[in-house]
Amino acid sequence: MFGYICVNKPEMKIRDFEEYSSFYCGLCRSLKKQTGRLGQITLTYDMTFLSILLTGLYEDKTTCICERCPVRPWRKMKKQQNRWTAYAADMNVLLAAYNLEDDWLDEKSIKGFVLSRLLSSRRKRIEKQYPRQSQAVSRYLEDLHECEASRSPDLDLAAGLTGKMLAEIFVCEEDIWSDSLRKMGFFLGKFIYLMDAYEDMEEDKKSGRYNPWLTLPQDEFPEDSCLQILTMMISEASKAFETLPILLHADILRNILYSGVWSKYEEIHNKRTGKTESPGQE
């Protein structure tokens, strides 16, 4: 489901993209340190965004190293790590472990079964350290199963479940910024769910899997309405972001919120509609 909160590289300054990449690589290194190489395969753009967001908000001391990466061994990669990359790494593994278990229960995915078992010991450590976030993820999957089983036509219901879960992930600790972080996570969670459902429409239609977009009239699917709904989600998340006193890495975060998420939408939209131009260029 995750992977939609990404950058728009062509619209970034070179130094900003290098800074973003250093957090992405830093998160990958944190995953390896905390959960081993297995944890590195769970790496997502969404948790990279969270690590940069929390770093910008709290301005914690960050350690920077340069070392070679097995994926790109020809040059040393800059990697930034702090307590927020460590937190994002744990949330990455927590979400991945539950999602893999869900894949096994729903689709009898052998890959999901094997990887969820391999991550189980790591998950138990994270559940003990972060009980609130762990309970939110567990409760989310239970509620989502009920929603899917009922095949609810309410777009807001399933999306809201994802929003409530990600809201708790965005809040590492309760403080004066918790309300804004929760609101931001809530609307980003709704956006992620609806984007994922939008991308999977054709596949879900063939398989008969539940997809809230498929409950709408399909003879003339309301692409404009879909865009408007997604815009509302990002607009609310961005409003919450702008209430936070973030100066550090603010340009990177704004690139993602105001541009990056839409580059992904345009890619999906063009693939669905068979067009090469982005919405609004017609």
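Residues numbered from 1 in each chain as written. Predicted model: local features only at pLDDT ≥ 70, side-chain atom pairs only at ≥ 80, totals over all residues. Heavy atoms only, no water.

1. What about unusual backbone geometry?
Here is step 1 of the chain: Despite not being glycine, Arg151 has its phi angle at roughly 55°, a positive value.
Here is step 2 of the chain: Here Arg151 lies in the loop between α7 (131-150) and α8 (155-170).
Here is step 3 of the chain: Relative accessible area serves as the criterion here: at 46%, Arg151 is assigned to the partly exposed category.
Here is step 4 of the chain: At His249, a position not held by glycine, the phi torsion is positive, near 65°.
Here is step 5 of the chain: Looking at where His249 falls in the secondary structure, it is placed in the loop between α11 (223-242) and α12 (250-273). (Helix = DSSP H or I, 4+ residues; strand = E, 2+ residues; numbered from the N terminus. Buried < 20%, exposed > 50% of the residue type's maximum accessible area, 1.4 Å probe, protein only.)

2. Considerations on the state of the cysteines
Here is step 1 of the chain: Taken as a whole, this structure holds zero disulfides when the rule is applied.
Here is step 2 of the chain: Free of any disulfide, Cys66 has its nearest cysteine sulfur in Cys64, 5.3 Å distant. (Disulfide = S-S within 2.5 Å.)

3. Notes on empty space enclosed by the protein
Here is step 1 of the chain: This structure, assessed with the given rule, holds one cavity of 30 Å³ or more.
Here is step 2 of the chain: Considering only enclosed or pocket space, the largest cavity measures out at about 30 Å³ in volume.
Here is step 3 of the chain: Around the largest cavity, the lining residues are Ile5, Asp46, Met47, Phe49, Leu166, Phe170, Leu188 and Ile192.
Here is step 4 of the chain: Sorting the residues of the lining of the largest cavity by element identifies α3 (45-58), α8 and α9 (178-199) as the ones contributing at least two each.
Here is step 5 of the chain: Looking at side-chain class alone, the lining of the largest cavity contains seven nonpolar, no polar and one charged residues. (1 Å grid on protein atoms, 1.4 Å probe; cavity = no way out; pocket = protein on both sides within 12 Å on 5 of 7 lines; lining within 4 Å. Points joined across faces, edges and corners; volume = space filled by probe spheres on them. Nonpolar A, V, L, I, M, F, W, Y, C, P; charged D, E, K, R; others polar.)

4. Concerning the layout of surface pockets
Here is step 1 of the chain: By volume, the second largest pocket amounts to about 750 Å³.
Here is step 2 of the chain: Taken together, 28 residues make up the lining of the second largest pocket; nearest its centre are Ser21, Tyr24, Cys25, Arg72 and Met77.
Here is step 3 of the chain: With 10 residues, the single largest contributor to the lining of the second largest pocket is helix α1 (residues 14-35).
Here is step 4 of the chain: Here the residues of the lining of the second largest pocket sort into 13 nonpolar, three polar and 12 charged.

5. Quick notes on the packing of aromatic side chains
Here is step 1 of the chain: Applying the stated criterion across every chain yields a total of 10 aromatic pairs.
Here is step 2 of the chain: Aromatic pair Phe191 and Trp262: ring centres 5.7 Å apart, planes at 85°, arrangement edge-to-face. You can see Phe191 sitting in helix α9 and its partner Trp262 sitting in helix α12, a full 71 residues away along the chain. For the residue pair Phe191 and Trp262, the accessibility class agrees, reading buried in each case.
Here is step 3 of the chain: Through a chain of ring-to-ring contacts, the aromatic side chains of Tyr58, Trp84, Tyr87 and Tyr130 assemble into a single cluster. (Phe/Tyr/Trp six-rings, centres within 6.5 Å; stacked < 30°, edge-to-face > 60°.)

6. Some points on the packing of α11 against α12
How two helices pack is summed up by the angle between their axes together with the distance between the axes.
Here is step 1 of the chain: One can describe the packing of α11 onto α12 by two numbers: an axis separation of 11 Å at closest approach and a directional angle of 165°. Viewed along their axes, α11 and α12 adopt a mutual orientation that is roughly antiparallel. The crossing of α11 and α12 is right-handed. On the side of α11, the interface is formed by Glu223, Leu227, Leu230, Thr231, Ile234, Ser238, Phe241 and Glu242, while α12 contributes Leu253, Arg254, Leu257, Tyr258, Val261, Trp262, Tyr265, His269, Arg272 and Thr273.
Here is step 2 of the chain: Of the residues in the contact of α11 with α12, the class split is 10 nonpolar, four polar and four charged. (Axes fitted to C-alpha atoms, helices over the stretch in contact; angles between N-to-C directions. Parallel < 35°, antiparallel > 145°, perpendicular 65-115°, else oblique. Left-handed = near helix turned anticlockwise from the far one by under 90°. Contact = heavy atoms within 4.5 Å.)

7. Here's the deal with the pattern of salt bridges
Here is step 1 of the chain: All chains considered together, the criterion is met by 17 salt bridges.
Here is step 2 of the chain: The residue Glu236 makes a salt bridge to Lys183 at a minimum N-O spacing of 3.6 Å. Of this pair, Glu236 sits in helix α11 while Lys183 sits in helix α9, placing them 53 residues apart in sequence.
Here is step 3 of the chain: Beyond isolated ion pairs, a larger network of salt bridges with shared partners links Arg132, Glu168, Glu174 and Arg182. (Salt bridge = Lys/Arg side-chain N within 4 Å of Asp/Glu carboxyl O.)

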